[in-house]
Amino acid sequence: MQRANWFAVSPEGAKAVAALHHYVTTSTGLPERLVHLVFLRVSQINGCAHCIDIHTRDLLKAGMNIETIVLIPVWEEVAHLFSAQELSALAWTEEVTRVSETHASDEAYRAAAEAFSEKELVDLTLTIAAMNAINRMGVSFRMRPRARPGHSTRADSPA
């Protein structure tokens, strides 16, 4: 079933979502790799194929190797592949994305606040919120990934 093109149907809504995305990707001061890492982890949790495709490609372009990217869903088991700040961001990302289960616990907040300044933590949370909003639109309206059958991109040469 073909679903609505939400960009075309609600251009003002799309513009609002895009404004938040623009803020978190250009004005927070958070490292680009960290932002795309958060975007990818949120998208993996939410099952947004379109966004998983995009942010995997973004991380490849930012220089993250494919071995690290494929292990992001099990980041706790391969902590040595990530910086302390990235580990904290991944933990907070899961806590906030699963807020209906976690209720953003005080313990998780304290851990995130140790790795980020107050402003960085607010901006990190906005980054997580932005991707959660985009994922909900992407999944609901079945936005398709760029990946196509029979086409492969070598891991060492980003698409």
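What counts, and at which threshold
The residue count restarts for each chain, going from 1 along the sequence in the order it is written. Local features in this predicted model are restricted to residues of pLDDT 70 or higher, and side-chain atom pairs are both shown and tallied only at a pLDDT of 80 or more, whereas totals for entire chains, interfaces and linings draw on every residue. Note that the side-chain values use all heavy atoms of the structure and ignore hydrogens as well as water. For the purposes of this entry, the term helix denotes a DSSP run of H or I that reaches at least four residues, the term strand denotes a run of E that reaches at least two, and both are numbered from the N terminus. One fewer than the residue count of a helix, multiplied by 1.5 Å, yields its expected span. Per-residue accessibility, obtained with a 1.4 Å probe over protein chains only, is compared with the maximum for each type, and a residue is labelled buried under 20%, exposed over 50%, and partly exposed between these values. The contact definition used throughout considers only heavy atoms, calling two residues in contact when any of these lie within 4.5 Å. Residue types Ala, Val, Leu, Ile, Met, Phe, Trp, Tyr and Cys, when buried and joined through side-chain atoms within 4.5 Å, form a set referred to as a nonpolar core. Only Phe, Tyr and Trp rings take part, Trp by its six-membered ring, and two of them pair if their centres are within 6.5 Å. Stacked means planes under 30 degrees apart, edge-to-face means over 60, and tilted covers everything else.

Within an unreviewed UniProt entry, the label attached to the protein chain reads Alkylhydroperoxidase, and the organism entered is Bordetella genomosp. 5.

Undergrad: What's the story with helix α4 (residues 49-61) in this structure? I'm lost.
TA: In an α-helix, one turn spans 3.6 residues, which is why side chains three or four residues apart end up on the same side. For α4, spanning 13 residues, the distance from its first C-alpha to its last is 18 Å, which sits close to the expected 18 Å at 1.5 Å a residue. Every buried residue of α4 is listed here: His50, Cys51, Asp53, His55, Thr56, Arg57, Asp58, Leu59 and Leu60. Tucked into the core, α4 has its buried residues touching α3 (32-46), α5 (66-70) and α9 (118-140). Gly63 occupies a position one or two residues after α4 and carries a positive phi of about 100°.

Undergrad: Would you take a moment to explain the nonpolar core for this structure?
TA: A general feature of soluble globular proteins is that nonpolar side chains tend to end up buried together. Formed by 21 residues in total, the largest nonpolar core has its most connected members in Trp92, Phe116, Leu124 and Ile128. Sorting the residues of this core by element identifies α3, α6 (84-97), α8 (106-115) and α9 as the ones contributing at least two each. For this core, the element with the highest residue contribution is α9, accounting for six residues. The contact partners of Trp92, leaving out residues within four places of it in the chain, are Ala104, Ala108, Tyr109, Ala112, Leu121, Leu124, Thr125 and Ile128. One finds Leu37, Leu59, Leu87 and Leu90 within the second-largest nonpolar core, a separate group that totals 12 residues.

Undergrad: Could you clarify how one ought to interpret the packing of aromatic side chains in this entry?
TA: Two measures describe an aromatic ring pair: the distance that separates the ring centres and the angle between the ring planes. The full count for this structure, using the stated rule, is two aromatic pairs. For the ring pair Trp92 and Tyr109, a centre distance of 5.9 Å and an interplane angle of 70° mean the geometry is edge-to-face. Of the two residues, Trp92 sits in helix α6 while Tyr109 sits in helix α8, which places them 17 residues apart along the sequence. A relative accessible area of 5% places Trp92 in the buried class. Judged by relative accessible area, which is 41%, Tyr109 ranks as partly exposed.

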